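Fold and contact review
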Amino acid sequence: MTILNKLFTVNALIVAFLVVAIITWLSTVISQKLLKGKIPGAAIAILCGLILAFFGGKWSGGTKGISDVAGLSGFALLGSSMLRDFAVVATAMGSSLKEMKKTGWIGAISLVLGVFVSFFPAVAIAYAFGYRDAVSLTTIGAGACTFIVGPVTGAAIGANSSVIAISIAAGVFKSVFVTIFTAPLAKWVGLNNPQAAMAYGGLMGTTSGVTAGLAATDPKLVPYGAMTSTFATGVGCLLCPSICFFMVKFIFGQ
Amino acid sequence: MVIYGVGLLAFCFLVGQFIGESLGRFLGIEANVGGVGFSMILLMIFTQWFQKKGILPAQTEQGILFWSLMYIPIIIAMSATQNVFAAFSQGILALMAGILPTILLFLCIPMLLKLLSK
């Protein structure tokens, strides 16, 4: 047993390779045999990942999903933003710079629109749940942009930690929903070409949701969605504590 | 050699991240603004340039291609490390503040595309 323990701890990244390979294999079998290819294997595998993350967090009490479970710490490195961004950049090889230039302005509009369409509905919900002060309303609204914009905004305008926790949770939920719903909704919203992927990336904003959602839909679209979504957190951090905060103060007083 | 491809990718990645961090600092916000985007543009420019000059051997290209193909497994691992349990334990307010914007944003996609086609 101690040999196994040592093996899993010392070789954490290799263990993660093996476990992800097994998840992928099982998901592909489920996709092809049980669902007759209606849901792609990658989508099922990502959903499995989210379910594992839920139970990982529940069992371990940690904040990093399954990677807090003994023996599976390698997931933290394999699923880190460093490797994710490295792989996302790699997908750009062979995609068209011309295509991106052509829709550059749509990307810019989608980024700004994405912040407002995330922010105000979330503020309305926070209001409906009894929050009345501009700082809390703004922080929860910012969390609906991405789970980084929430805490950055909250810290900037002085929100309390329980409100910041809610804003992070809202951002995580958004990323989870974007991940799950992109593939089934793609056809319906016309997400099947580079332009649409750029608009989608800017609107949704959440890089983890966008990159995972496109992985489950059509990996060829990944670089286009990633190109715009990589600016979203920055735009959100810029607009939420400034313009959005002023607008909330103007509407709700103080 | 494969490592040349990986090295080129690493170079573009680091330069892009540096630009993104600097832009964030310049704007006075604590976030990386578009780092991945700048890295991608650099990689596209370099690979297209090398291809035109005929100095991008298949092995070098494979060094980049490997990481591009590792993308989905990495995303699966990333999903498995999200703080999903904590999100659920924050209750219905966080859930609704996450789901309502997502629905509205999906509705915005066809609208924006119509604008594009005009």
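Residues numbered from 1 in each chain as written. Chains lettered and ligands numbered in written order. Predicted model: local features only at pLDDT ≥ 70, side-chain atom pairs only at ≥ 80, totals over all residues.

Below, the discussion takes up the overall build of chain B. Across its full length, chain B carries six helices and zero strands. Put simply, chain B runs from its N terminus to its C terminus through helices and strands in the order α-α-α-α-α-α. The C-alpha atoms of chain B give a radius of gyration of 20 Å, which is well past the 13 Å a tight globule of 118 residues would have. Here chain B, with 118 residues, has 51% of them falling under the buried criterion. For chain B, restricting intrachain contacts to residue pairs at least 6 apart in sequence, the fraction spanning at least 24 positions comes to 50%. (Helix = DSSP H or I, 4+ residues; strand = E, 2+ residues; numbered from the N terminus. Rg over C-alpha atoms; globule rule 2.2 N^0.38 Å. Buried ≥ 20, exposed ≤ 12 C-beta atoms within 10 Å, placed from the backbone. Contact = placed C-beta atoms within 7 Å.)

On to the overall build of chain A. Within chain A, the secondary structure is distributed over 13 helices and zero strands. By the compact-globule yardstick of 18 Å for 254 residues, chain A fits well, its C-alpha radius of gyration being 20 Å. Seen through its C-alpha atoms, chain A measures out along the principal axes to roughly 60 × 45 × 30 Å. Across the 254 residues of chain A, 58% fall into the buried class. A separation of at least 24 residues holds for 64% of the contacts in chain A among residues at least 6 apart in sequence.

Let us look at the packing of helix α9 (residues 149-157) of chain A against helix α10 (residues 161-189) of chain A. All names here are of chain A. Packing of α9 against α10 leaves a shortest axis separation of 8 Å and a crossing angle of 155 degrees. In terms of their interaxial angle, α9 and α10 are classed as roughly antiparallel. Crossing of α9 over α10 shows right-handed handedness. Facing α9, whose interface residues are G150, P151 and G154, α10 presents V163, I164, S167, I168, A170 and G171. Looking at the contact of α9 with α10 residue by residue, the class counts come to five nonpolar, four polar and no charged. (Axes fitted to C-alpha atoms, helices over the stretch in contact; angles between N-to-C directions. Parallel < 35°, antiparallel > 145°, perpendicular 65-115°, else oblique. Left-handed = near helix turned anticlockwise from the far one by under 90°. Nonpolar A, V, L, I, M, F, W, Y, C, P; charged D, E, K, R; others polar.)

Now for the interface of chain A and chain B. Contacts between chain A and chain B engage 93 residues on the former and 62 residues on the latter. The biggest single contributor to the side of chain A that touches chain B is α10 of chain A, with 15 residues. When its residues are assigned to classes, the side of chain A that touches chain B shows 64 nonpolar, 24 polar and five charged.

What follows covers helix α2 (residues 12-34) of chain A. Side chains that are three or four residues apart share a direction in an α-helix, a result of its 3.6 residues per turn. Residues and elements named next belong to chain A. With 23 residues, α2 extends 32 Å from end C-alpha to end C-alpha; this agrees with the ideal 33 Å at 1.5 Å per step. The set of residues buried in α2 consists of A16, V19, V20, I23 and S27. One or two residues past the end of α2 sits K36, with phi positive at roughly 50 degrees. (Expected span 1.5 Å × (residues − 1).)

Time to look at the domain arrangement of chain A. Where interface size is given, it is often the accessible area lost as the parts come together that is meant. Residue and element names in this part refer to chain A. As assigned here, chain A comprises domain 1 (2-79) and domain 2 (97-252). The gap between the C-alpha centroids of domain 1 and domain 2 is 27 Å. Listed as interface residues are six residues of domain 1 and, on the opposing side, seven residues of domain 2. Its residues placed into classes, the side of domain 1 that touches domain 2 shows six nonpolar, no polar and no charged. (Domains from an automatic or database assignment.)

Moving on, we get to the domain arrangement of chain B. Here chain B is partitioned into domain 1 (2-82) and domain 2 (85-118). Computed over C-alpha atoms, the centres of domain 1 of chain B and domain 2 of chain B are 28 Å apart.

Averaged over chain A, the pLDDT score is 91; the fraction of residues at 70 or greater is 99%. Taken element by element, the predicted model of chain A shows its lowest mean pLDDT in helix α6 (residues 97-102) of chain A (80) and its highest in helix α4 (residues 74-78) of chain A (96). (pLDDT = per-residue confidence, 0-100.)

Within helix α4 (residues 71-80) of chain B, 10 of the 10 residues are buried, which leaves the element mostly enclosed by the surrounding structure. Every buried residue of α4 of chain B is listed here: Y71, I72, P73, I74, I75, I76, A77, M78, S79 and A80 of chain B.

Moving on: the packing of α2 of chain A against α4 of chain B. At their nearest, the axes of α2 of chain A and α4 of chain B sit 10 Å apart, and the two run at 100 degrees to each other. When the axes of α2 of chain A and α4 of chain B are compared, the pair comes out roughly perpendicular. Of the residues in α4 of chain B, those touching α2 of chain A at A16, V20, I23 and T24 of chain A are P73, I76 and A77 of chain B. Among the residues making up the contact of α2 of chain A with α4 of chain B, the classes are represented as six nonpolar, one polar and no charged.

With 126 residues, the main nonpolar core has I46, V89, A122, I140 and A215 of chain A together with A97 of chain B as its most contacted residues. What A215 of chain A contacts, discounting residues up to four positions off in sequence, is A42, I46 and V222 of chain A together with Y71, I72 and I75 of chain B. (Core = buried A, V, L, I, M, F, W, Y, C linked by C-beta atoms within 7 Å.)

Before going further, it helps to spend a moment on the environment of P223 of chain A. Looking at the secondary structure, you find P223 of chain A in helix α13 (residues 222-252). Taking C-alpha positions, P223 of chain A is 7.4 Å from V89 of chain A, a pair spaced 134 residues apart along the chain. In this structure P223 of chain A touches T91, A92 and S95 of chain A together with M40 of chain B, once residues within four positions along its chain are discounted.

Quick look at the confidence of the model for chain B now. Residue and element names in this part refer to chain B. Per-residue pLDDT for chain B averages 91, and the proportion of residues at 70 or more is 99%. Confidence scores differ between elements of chain B, with helix α5 (residues 84-89) showing the lowest mean pLDDT of 88 and helix α1 (residues 2-27) the highest of 94. As a predicted assembly, this complex carries a pTM of 0.86 together with an ipTM value of 0.92.

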